[in-house]
Amino acid sequence: MNEVTYAHMLMNELDNHFDSSLSWSESYQDYAYDIVKIFSGFNYPEAAIEPILQGIERQTTANIDWFAEFQVFLEQFAKEKMKEAYMTSLQRKPTEMCRGLLQRMGVPAEEINAVIAKRKEKLSKVFTID
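Model, not experiment: these values are computed from the prediction. (Residues numbered from 1 in each chain as written. Predicted model: local features only at pLDDT ≥ 70, side-chain atom pairs only at ≥ 80, totals over all residues. Heavy atoms only, no water.)

Novice: Explain the overall build of the chain here, please?
Specialist: When helices and strands are tallied, the chain shows seven helices and zero strands. A compact globule built from 130 residues should have a C-alpha radius of gyration of about 14 Å, and the chain, at 15 Å, falls within 12% of that. Sequence separation of 24 or more characterises 69% of the internal contacts of the chain that already satisfy a separation of 6 or more. Distance between charge centres in the chain, computed from 14 positive and 20 negative side chains, equals 8 Å. (Helix = DSSP H or I, 4+ residues; strand = E, 2+ residues; numbered from the N terminus. Rg over C-alpha atoms; globule rule 2.2 N^0.38 Å. Contact = heavy atoms within 4.5 Å. Lys, Arg positive; Asp, Glu negative; His and termini not counted. Charge placed at Lys NZ, Arg CZ, Asp CG, Glu CD.)

See below:
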């Protein structure tokens, strides 16, 4: 199994430990910590970037504290690479984590909001019934 597939498998398994009705879950955080240790041991740790972002997109919370382990892991990669990955994630499904990390990178709110607005516009055209 390649590292990308393995990363997706681990992030899908982590979904079973997520409960948005809680403000914190020791089980989730322990599992997230273990997953980040595995990702750090990959021959190509960048293989985990998209699976992490897609895993976060699946969750139903705006509380970015749930994803602290992943934020720290992602911050080790080149800024430009991560900016591109975060922007792509925003186009799929905007999350508070990606928005916050982009702002911390110095990306203007207007640029972030433009990406989100463009996504919303595309979706409205796709799901409009005449």
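Text resumes after the structure shown.
Novice: In this structure, what is going on with the packing of helix H5 (residues 79-92) against helix H6 (residues 96-104)? I would like to understand it.
Specialist: Each pair of packed helices can be summarised by the angle the axes make with each other and by the distance between the axes. Relative to each other, H5 and H6 sit at 145 degrees, their axes nearing to 9 Å. At the point where H5 passes H6, the crossing takes the left-handed sense. Contacts between H5 and H6 involve Lys83, Tyr86, Met87, Ser89 and Leu90 on the former and, on the latter, Cys98, Arg99, Leu101 and Leu102. Broken down by class, the residue content of the contact of H5 with H6 amounts to six nonpolar, one polar and two charged. (Axes fitted to C-alpha atoms, helices over the stretch in contact; angles between N-to-C directions. Left-handed = near helix turned anticlockwise from the far one by under 90°. Nonpolar A, V, L, I, M, F, W, Y, C, P; charged D, E, K, R; others polar.)

Novice: So what exactly am I meant to see when it comes to the packing of aromatic side chains here?
Specialist: For any pair of aromatic rings, the description rests on two quantities: the centre-to-centre distance and the angle between the ring planes. Taken as a whole and judged by the stated rule, the model has eight aromatic pairs. Ring geometry for phenylalanine 39 versus phenylalanine 73: centroids 5.9 Å apart, planes at 50 degrees, classification tilted. Of this pair, phenylalanine 39 sits in helix H2 (residues 26-40) while phenylalanine 73 sits in helix H4 (residues 68-74); the two residues are 34 residues apart in sequence, bridging distant segments of the chain. For the pair formed by phenylalanine 39 and phenylalanine 73, the shared burial category is buried. A centroid spacing of 5.3 Å and a plane angle of 80 degrees characterise the contact between phenylalanine 73 and phenylalanine 77, whose relative ring orientation is edge-to-face. (Phe/Tyr/Trp six-rings, centres within 6.5 Å; stacked < 30°, edge-to-face > 60°. Buried < 20%, exposed > 50% of the residue type's maximum accessible area, 1.4 Å probe, protein only.)

Novice: In this structure, what is going on with the nonpolar core? I would like to understand it.
Specialist: Soluble globular proteins tend to pack their nonpolar side chains together in the buried interior. Ranked by internal contacts, the top residues of the largest apolar core, which has 36 residues, are Phe39, Ile52, Phe70 and Leu74. Elements supplying a minimum of two residues to this core: helix H1 (3-14), H2, helix H3 (49-58), H4, H5, H6 and helix H7 (109-126). The contact partners of leucine 74, leaving out residues within four places of it in the chain, are Ile49, Ile52, Leu53, Met82, Tyr86 and Met97. (Core = buried A, V, L, I, M, F, W, Y, C linked by side-chain atoms within 4.5 Å.)

Novice: Even after reading the chapter, I still don't get the side chain of glutamate 57, so can you show me in this structure?
Specialist: As for its placement among the helices and strands, glutamate 57 is situated in helix H3. With a relative accessible area of 8%, glutamate 57 lands in the buried category. Reaching out from glutamate 57, the side chain makes a polar contact with the side chain of serine 89 at a distance of 2.5 Å. With residues up to four places along the chain from it excluded, the contact list for glutamate 57 reads Ser89, Arg92, Lys93 and Thr95. (Polar contact = N/O pair within 3.5 Å; in protein donor to acceptor, adjacent residues only side chain to side chain.)

Novice: When you look at the environment of alanine 85 in this model, what are you seeing that I'm missing?
Specialist: The topology assignment puts alanine 85 in helix H5. Take alanine 85: its relative accessible area is 8%, and that puts it in the buried class. Linking alanine 85 and cysteine 98, residues 13 residues apart in sequence, is a C-alpha distance of 9.1 Å.

Novice: Hey, could you run me through H3 in this one?
Specialist: Side chains that are three or four residues apart share a direction in an α-helix, a result of its 3.6 residues per turn. Judged by how many residues are buried, H3 sits mostly within the fold: seven of 10 residues are covered. Along H3, the residues classified as buried are Ile49, Pro51, Ile52, Leu53, Gly55, Ile56 and Glu57. Close packing links the buried residues of H3 with H1, H2, H4, H5 and H6.

The values are spatial; any link to function lies outside them.
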